[in-house]
Amino acid sequence: MRIYIAEHAGYCFGVKKAVDMAIETIKDSENIATYSLGPLVHNYQVVNMLSKDGLKVIDKVDELDSGKIIVRAHGIPYNIQKKVEDLDLELIDCTCPFVKSVHRKVEEYNNNGYKIIIIGDREHPEVIGINGWCNNEGIIVNNEEEARKIPYYDKICIVSQTTNTLEKFECLSNILNNKGGEVKIFNTICNATNLRQKACGELAKKVDAMVVIGGYHSSNTNKLVEISNRYCNNVYHIEVSEDLPLQKLVKFNTIGITAGASTPDWIIKEVVDTMNNINNNEIMEAIENSLVKIHKGDIVKGKVIYVTENEVMVNINYKSDGIINREELSNDPEVRPKDLFKEGDEIEVYIVKLDDGEGNVVLSTRRLKAIKSWEELEEVYENKEEVECKVLTDVKGGLSVLVNGITGFMPASQISIKYVNDLTVYKGKTLTAKLIDFDKYKKRIILSSKEVEKEKLEKKREELWDSLEVDKIIDGQVERLTNFGAFVDIGGLDGLIHISDLSWYRINHPSEVVSEGDKIQVQVLGFDKEKNRISLGLKQTLPKPWDVFIKNRQIGDIVSGKVVNLLDFGAFVRLEEGVDGLVHVSQISKEHVNKPSDKLEIDQEVKVKIIDINEDDKRISLSIKELEESEEKNQTIENKDIGVKIEDVIKDK
Ligand code: SF4
């Protein structure tokens with residue numbers, strides 16, 4: 001590392017003179033209080049040193065009745081100087097001769113009727129002091145906008161704060177040149193300032209880094225920082241050697257040093273000595289110690305320096321930068337570095353290796369993602385949460401799935417609550433599952449989507465129980481048939497339709513009415529959650545055969561039926577399924593019948609006449625006899641007609 005000190009760095013003539021005079025004054029004033037009106041220089045270390053020697057800093061002189069007042073290099077307004085004199089205090093005037101000459105100019109031109117314009121910072125003590133020599137009536141401008149707003153005057157006199165840059169002074173005085181009939185422009189920039197700034201700029205162009213020494217609030221030091229930044233990318237503003245950013249500076253081959261006008265030589269020397277020692281082992285060790293310590297497997301934060309097609313360079317605040325190669329970027333081989341990162345991104349990385357052979361640390365975001373994925377899945381497992389997993393393929397005994405970027409296994413028995421016959425249909429599908437076994441160290445994850453289905457079903461069942469109401473009509477699907485009835489799935493719960501509730505007429509087996517898989521509507525007849533029983537009815541959702549029959553038939557109608565029962569008092573004839581009528585023994589024939597079986601037999605098809613309908617008792621009385629009599633009567637009428645016709649034929653012959 002090579003160190004260059006800029007020419008004219010540090011104390012200017014005026015400040016040096018003021019500091020020397022102050023030291024002398026303190027020495028000569030053993031029993032006399034010595035005051036400085038404001039800090040003697042804009043340098044904390046110097047002010048602190050003088051304070052230890054007895055110099056007190058004050059803002060006002062009003063309350064003093066004795067002692068010595070040191071006026072600093074910046075100077076003071078005329079009225080303050082007058083006040084010190086009136087109070088009969090001893091004035092030690094350390095105003096820089098260059099500043100003093102500005103005071104005189106301003107006073108003279110103000111007296112001659114010129115409007116005084118001061119280019120500078122209105123808060124700076126030097127500018128406040130200058131304005132005090134034209135009754136505080138000067139106009140202060142510090143930028144182009146302010147300069148353009150100045151009204152027109154017959155006569156103007158322009159002066160500058162002594163520490164301004166030449167560029168600024170020239171720019172603003174060019175604008176102000178048009179603001180007066182008669183314009184007097186005095187370049188009152190101190191040559192020392194000018195030379196220091198010029199030397200600073202020249203040096204900044206040549207070196208890798210610039211160190212500017214001076215108070216953080218010193219105007220002239222801040223201007224040096226500004227100039228350095230114009231020509232150099234690495235500028236460090238410090239007040240003392242302890243502020244040196246050694247771990248950053250160690251990387252540079254050439255370093256320039258400059259210092260503000262208030263910076264004493266001893267501070268510059270300390271900084272230079274520290275820099276010269278930067279190559280010492282001790283310092284190197286100190287720097288190393290200040291760097292981040294990393295180990296293989298660590299996760300650290302870093303800042304992306306640049307991104308290329310195949311790699312990402314990251315500053316991890318280590319002595320060497322880290323590199324993420326494309327294969328360490330992501331599990332997805334299609335992803336390019338620029339898809340994920342850009343310069344300046346703050347990222348986390350996993351340390352794969354401390355040296356890739358070329359001095360770079362090998363980093364990985366792919367492995368970091370895997371670590372985080374395992375951590376996230378561990379949380380999911382502990383909290384019994386659900387996860388989405390994508391089926392990669394079917395394997396022996398189950399499915400291989402991808403969950404949060406990690407491969408897991410789902411046994412065939414854990415895929416669904418229903419029996420799964422063909423595993424291949426799941427390939428590419430996304431399933432919601434729970435982790436039923438998890439071991440981060442053995443890298444084992446077992447999943448179950450059946451668990452999720454079970455929980456959903458349980459929830460649905462609960463809702464279903466809550467929604468059940470007796471007499472409610474609901475949808476269902478016939479699941480299976482038994483001799484005593486049909487089991488029906490009503491959306492997660494099974495209910496039973498007893499055989500007697502399947503049909504309004506008597507059946508021998510449920511299959512006479514329904515088949516497995518049939519979608520039907522059923523009525524809730526009753527339920528018991530405790531016993532997990534639901535009674536359903538199918539026939540209750542259908543019209544009753546009796547109602548249908550009596551709606552369509554009336555007394556006198558002749559209908560067909562089948563003899564279904566023979567008793568001593570009569571025969572029961574089935575007119576429709578569920579509707580039987582009685583032919584009383586007296587109504588079986590016009591001839592005398594002892595018992596019904598003499599004339600009728602089971603399953604015999606007969607024609608009967610409805611002779612009565614008792615809706616209240618749901619009884620139908622039938623008669624074969626009346627039908628026979630009617631038929632006989634009709635036969636007689638028919639024969640009678642034929643006889644007439646024969647007689648007529650005989651007569652005609
Ligand atoms: S910078 Fe110039 S004007 Fe200001 S005190 Fe120093 S020598 Fe005097």
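Colleague: Looking at this structure, how should I read the sheet that holds strand β9 (residues 180-185)?
Modeller: Adjacent strands of a sheet pair through backbone hydrogen bonds, lying either parallel or antiparallel. In space, the four strands of this open sheet follow the order β7-β6-β8-β9, with parallel pairing throughout. Single-partner strands in this sheet number two, and they are β7 (139-141) and β9. With strand direction ignored, the average angle separating the axes of adjacent strands in the sheet is 25 degrees. Note that strand β8 (residues 153-160) and β9 share five bridges and pair parallel. In the sheet register, Cys 157 faces β9, and the bridge partner there is Lys 184.

Colleague: Can you walk me through helix α14 (residues 366-382) in this structure?
Modeller: If you check α14, its first and last C-alpha atoms are 24 Å apart, about what 17 residues at 1.5 Å a residue would give, namely 24 Å. Burial in α14 covers these residues: Leu 368, Ser 373, Trp 374, Leu 377 and Val 380. After α14 finishes, the residue Lys 384 shows a positive phi value of roughly 55 degrees.

Colleague: Sorry if this is basic, but what is going on with the packing of aromatic side chains here?
Modeller: Any two aromatic rings considered together are summarised by their centre-to-centre distance and by the angle between their planes. Applying the stated rule across the entire model yields ten aromatic pairs. Between Trp 465 and Phe 527, the aromatic rings sit 6.4 Å apart at their centres with planes inclined by 55 degrees, giving tilted as the arrangement. One end of the pair, Trp 465, is in helix α15 (residues 449-467); the other, Phe 527, is in strand β26 (residues 519-528), with 62 residues separating them in the sequence. What makes Trp 465 buried here is its relative accessible area of 8%. A network of ring pairs unites the aromatic residues Tyr 109, Tyr 114 and Phe 186 as a single cluster. The ring of Tyr 231 carries Lys 205 above its face, with NZ or CZ at 4.9 Å from the centroid. A cation over a ring is seen here: Lys 429 above Tyr 426, with NZ or CZ 5.7 Å from the ring centre.

Colleague: Hey, could you run me through the environment of Glu 385 in this one?
Modeller: Its location among the elements puts Glu 385 in the loop between α14 and β18 (386-395). The partly exposed category is assigned to Glu 385, whose relative accessible area is 36%.

Colleague: Just checking my understanding: could you explain unusual backbone geometry for this structure?
Modeller: Leaving glycine aside, a negative phi is the common case for residues, and trans is the common case for peptide bonds. Although it is not a glycine, His 8 sits at a positive phi angle of roughly 60 degrees. Mapped onto the elements, His 8 comes out in the loop between β1 (2-5) and α1 (13-28). Using a relative accessible area of 39% as the deciding quantity, one classes His 8 as partly exposed.

Colleague: Got a minute to help me understand empty space enclosed by the protein in this structure?
Modeller: To find leftover empty space, one rolls a probe the size of a water molecule over the atoms. Going through the model one piece at a time under the given rule, you end up with two cavities of 30 Å³ or more. Approximately 260 Å³ is the volume attributed to the largest cavity. In terms of lining, the largest cavity is formed by 22 residues, of which the most central are Cys 12, Val 15, His 74, Glu 126 and Thr 163. Only α1, α4 (97-111), α8 (191-206) and α9 (219-231) provide two or more residues apiece to the lining of the largest cavity. Residue classes in the lining of the largest cavity are distributed as ten nonpolar, ten polar and two charged. There is about 30 Å³ of room inside the second largest cavity. In terms of lining residues, the second largest cavity is bounded by Ser 36, Leu 40, Val 47, Leu 50, Ser 51, Leu 55 and Val 57. Only α2 (44-53) and β3 (55-58) provide two or more residues apiece to the lining of the second largest cavity. Sorting elements by how many residues they give to the lining of the second largest cavity places α2 first, with three residues. Its residues assigned to classes, the lining of the second largest cavity comprises five nonpolar, two polar and no charged.

Cut-offs and rules
- Residues numbered from 1 in each chain as written.
- Predicted model: local features only at pLDDT ≥ 70, side-chain atom pairs only at ≥ 80, totals over all residues.
- Heavy atoms only, no water.
- Pairing = 2+ DSSP bridges.
- Helix = DSSP H or I, 4+ residues; strand = E, 2+ residues; numbered from the N terminus.
- Axes fitted to C-alpha atoms, helices over the stretch in contact; angles between N-to-C directions.
- Expected span 1.5 Å × (residues − 1).
- Buried < 20%, exposed > 50% of the residue type's maximum accessible area, 1.4 Å probe, protein only.
- Phe/Tyr/Trp six-rings, centres within 6.5 Å; stacked < 30°, edge-to-face > 60°.
- Lys NZ or Arg CZ within 6 Å of the ring centre and 35° of its normal.
- 1 Å grid on protein atoms, 1.4 Å probe; cavity = no way out; pocket = protein on both sides within 12 Å on 5 of 7 lines; lining within 4 Å.
- Points joined across faces, edges and corners; volume = space filled by probe spheres on them.
- Nonpolar A, V, L, I, M, F, W, Y, C, P; charged D, E, K, R; others polar.

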